Each structure stands twice: as C-alpha cells, then as structure tokens.
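Read off the chains here:
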Amino acid sequence: MDTRIGIIGTGSMGRMLIRSFLRGGAAVPQQLCASNRTPEAQNAIAAETGIQTADNNRTLVKDAGVIILCVRQPDVVPAMEEIKDLLTDDKLLISIASDVPLSELEALTSARVVRVIPSVTSEQLKGVSLIVFSERTTKADRERVISLFGAIGTPAIISEQDIESYTTLTSCAPAFFAEMIHEFAVSASRMTGIPADEAEALSRETFIGTAALLEIPGTACTDIVSRVATPGGITEEGVNVLTCRFPAVCDEIFAATGRKHATFRNASSENTNTEGN
Ligand SMILES: NC(=O)c1ccc[n+]([C@@H]2O[C@H](COP(=O)([O-])OP(=O)(O)OC[C@H]3O[C@@H](n4cnc5c(N)ncnc54)[C@H](OP(=O)(O)O)[C@@H]3O)[C@@H](O)[C@H]2O)c1
C-alpha cells in the first residue's frame, strides 16, 4: 500500500493532524505532503515540521495513496471537483468535514471513502477520533485508518447515523469542558472574591489533576465523587447542586447541538454555504 499521505487544507485541524501524526509516530515528515488554498499556510507548516508541500491539490493527489481532506463543509464540493478525476479507486480518501455524509462524498469520487471526526485533544495524543467506514473500504484500509488515528488518541468506530450525537460527546466536548472550568472560576471570583486570574489558574490545575486521576485504569468518575464528597460533608452540598441542576443543562447541550446539526444537514442537502462543528 502507498504510505504517502496528502493533506488538503492546512487550517486549524489540518495543522493539528500533521503535528500529531509526527508526534505520535504515525508518519515521518517525508511521508506527509500538504496543500492549501492560500500557499502561506502550507509553507508555514512545512517550515515548522519538515513535511513536503505540493504546488496544488492535483499534484498532491497524484503523489499520495491516502488523502485527508481538511476543509470546511462549504469547501468540500469545490475541492472535490478539482481532484475528482484523480481520486480513483486505488486512493483512500479521509474527510474530516462535519455534516458531509459518505453518500455525498462517494457521489463525487470512486475512491474508498472514510469519515473521521477528530478532536483537538489529539494534539496531546489523547481523546477520541470518530471513524465511519464506507462499504468501499477494504480490511487493509480499516487497519490503516485505525493505526493512523490510534497513534494520536483513541479511535472509535461508529455508524454514520450516530455521528452527530457522538460528535457532541467527543469532538465538541473539549469546548464544553473548558467553558465549564472557566465558568466555575468566574463564579468563584464572583461569589467569594478570589481574584479572577487566581481562580482560573487554580481551577484549571484542579481539572488537570482530576483528569490524571481518571487516567488510572479502573477509575470511574463516581469513584472520584465518592472519594471527595464524604456523606454529610461540604463537598456533598455542591455535588447535590450538580445532580439537581446539571442534567437539564447537559440535555439542553445535546438538544441544541442536535438542532444545529439538523440545520447544517438540511443546508448541505440544499448545497448552501454553511459550516458545522
Ligand atoms: N475544530 C474542531 O475541533 C473540529 C473537529 C472535527 C472536525 N472539524 C472539521 O474540520 C474541518 C476543518 O476545520 P478547520 O477548523 O481546520 O477549518 P479552517 O481552519 O478554516 O481550515 C480550513 C482550511 O482549508 C483550506 N482550503 C479551503 N478550500 C481549499 C481547497 N480547495 N484546497 C486547499 N485548501 C483549501 C483553507 O485555506 P485558506 O487558508 O485559503 O482559508 C483553510 O486553511 C471543518 O469541516 C470542521 O467542521 C473540526
């Protein structure tokens, strides 16, 4: 199998994947080649990491066995139109665009197609990459994709019908968790007078420490709750507030993101200019 990987789009996610593949040992710089609509961005990541660049998307596709499409949803069809005659059935195409279904991608190419929803946490070689394989993929393709994304976190193979809810659960969640830590610190400052900077720094350290405890094999979230919140104690008062109020907040997060996905899904089927994630 051709081990060269071409990355189309060196925006935020394209760059994150390049850095993570190298850091996680999934590829060496000579195996990776990037092209971007605005050449400055591809040149900058090449200067930083030592990867190759292509003059344009067509050259990149010709020279790679695996192509990772890292453009936003409205740019997927224009990018595919540019390269579709070169995306033959000996190529493996991985699209990370939210809300562009396999059926739409397969209609534009005879390549073997995979959808991946990565997470910014892969920058630290942690977190989850959601993977949806098309019927066209071979066993070797599936092993290759699992190995690639397994090097930068935990791959989770799901069915396409579940992708929106799983995206909220994994790919969107770093934003939710970070916002929760921030709001917790803001509240500490508002309610107790702890200086805002200090509250943010201390709650952040505590969150990082909690995540490290969760990394200990066999540790459940409920284990940490019961270790800290002794019955009748002070922490239990705070946990009671959370168990009373927080489920409704979480339900609304899933409901709101679900509604937005539906908007993008409908816009995509009407081929209008929108973007998800
Ligand atoms: N952020 C997340 O956590 C996350 C997670 C999972 C999936 N995603 C999805 O990942 C996709 C990319 O997101 P992003 O945040 O990386 O977007 P971004 O920062 O806007 O990057 C997109 C890049 O694609 C380039 N591009 C557009 N059309 C092109 C073409 N025809 N040929 C070559 N390059 C082209 C753009 O070039 P210019 O420099 O010219 O603009 C830009 O650098 C989105 O669909 C998003 O939904 C994001």
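The rules behind these values
- Residues numbered from 1 in each chain as written.
- Predicted model: local features only at pLDDT ≥ 70, side-chain atom pairs only at ≥ 80, totals over all residues.
- Heavy atoms only, no water.
- UniProt positions renumbered as here; feature names shortened; annotations may be inferred.
- Helix = DSSP H or I, 4+ residues; strand = E, 2+ residues; numbered from the N terminus.
- Buried < 20%, exposed > 50% of the residue type's maximum accessible area, 1.4 Å probe, protein only.
- Contact = heavy atoms within 4.5 Å.
- Areas by Shrake-Rupley, 256 points an atom, 1.4 Å probe, with all protein chains shown as cover.
- Lys, Arg positive; Asp, Glu negative; His and termini not counted.
- Charge placed at Lys NZ, Arg CZ, Asp CG, Glu CD.
- Phe/Tyr/Trp six-rings, centres within 6.5 Å; stacked < 30°, edge-to-face > 60°.
- Salt bridge = Lys/Arg side-chain N within 4 Å of Asp/Glu carboxyl O.
- Domains from an automatic or database assignment.
- Buried area = accessible area lost by both parts, 1.4 Å probe.

- Under an unreviewed UniProt entry, the name given to the protein chain is Pyrroline-5-carboxylate reductase, and the source organism is Methanogenium marinum.
- Recorded in UniProt for the protein chain, the comment headed Function (unreviewed entry) runs: "Catalyzes the reduction of 1-pyrroline-5-carboxylate (PCA) to L-proline."
- Taken directly from UniProt, the Pathway (unreviewed entry) text for the protein chain runs: "Amino-acid biosynthesis; L-proline biosynthesis; L-proline from L-glutamate 5-semialdehyde: step 1/1."

### Examining the overall build of the protein chain
In step 1: Along the backbone of the protein chain there are 11 helices and 8 strands.
In step 2: Expressed along its principal axes, the backbone C-alpha trace of the protein chain runs to roughly 65 × 40 × 35 Å.
In step 3: The buried share of the protein chain, reckoned over its 277 residues, is 37%.
In step 4: In the protein chain, 62% of the contacts between residues at least 6 apart in sequence involve partners at least 24 apart.
In step 5: Total accessible area computed for the protein chain in this model is approximately 14,900 Å², and 57% of it derives from carbon and sulfur atoms.
In step 6: Put simply, the protein chain has 24 plus and 35 minus side-chain charges, and the middle of one group is 4 Å from the middle of the other.

### Here we look at the packing of aromatic side chains
In step 1: Tallied over the entire structure, the rule returns 1 aromatic pair.
In step 2: With centroids separated by 5.5 Å and ring planes inclined at 80°, the aromatic side chains of Phe21 and Phe149 adopt a geometry described as edge-to-face. Pair noted here: Phe21 is in helix 1 (residues 12-23) and Phe149 is in helix 6 (residues 139-150), with a separation of 128 residues, a long-range link. Exposure class is identical for Phe21 and Phe149. Each is buried.

### With respect to the pattern of salt bridges
In step 1: Scanning the model with the defined rule gives 11 salt bridges in all.
In step 2: Between Arg37 and Asp75 there is a salt bridge whose closest N-O contact spans 3.4 Å. Taken together, the positions of Arg37 in the loop between strand 2 (32-35) and helix 2 (39-49) and Asp75 in helix 4 (residues 73-83) put the pair 38 residues apart, joining distant regions of the chain.
In step 3: Assessed through its relative accessible area of 70%, Arg37 is described here as exposed.
In step 4: Glu81 is the partner of Lys84 in a salt bridge, and the nearest nitrogen-oxygen pair spans 3.0 Å.

### Focus on the UniProt feature "binding site: NADP(+)" (unreviewed entry) in the protein chain
In step 1: Within this numbering scheme, the UniProt entry marks Ile8, Gly9, Thr10, Gly11, Ser12 and Met13 as carrying the feature "binding site: NADP(+)" (unreviewed entry).
In step 2: Relative to the elements of secondary structure, Thr10 occurs in the loop between strand 1 (5-8) and helix 1.
In step 3: For Thr10, the residues in contact, after removing those within four places along its chain, are Arg15, Ile18, Ala34, Ser35, Asn36, Ala41, Gln42 and Ile45.
In step 4: Position of Met13 among the secondary structure elements: in helix 1.
In step 5: Setting aside residues up to four positions removed in sequence, Met13 forms contacts with Ile96, Pro118, Ser119 and Val120.

### Describing the domain arrangement of the protein chain
In step 1: On domain assignment, one finds that the protein chain holds domain 1 (5-168) and domain 2 (173-269).
In step 2: Computed from C-alpha atoms alone, the centre-to-centre distance between domain 1 and domain 2 is 31 Å.
In step 3: Opposite the 12 residues of domain 1 that make contact, domain 2 presents 11 residues.
In step 4: When the two sides are added together, the surface that domain 1 and domain 2 hide from each other amounts to roughly 930 Å², 48% of it contributed by carbon and sulfur.
In step 5: Joining domain 1 to domain 2, the criterion identifies 2 salt bridges.
In step 6: Here Glu215 makes a salt bridge to Lys126, at a shortest N to O gap of 2.7 Å.

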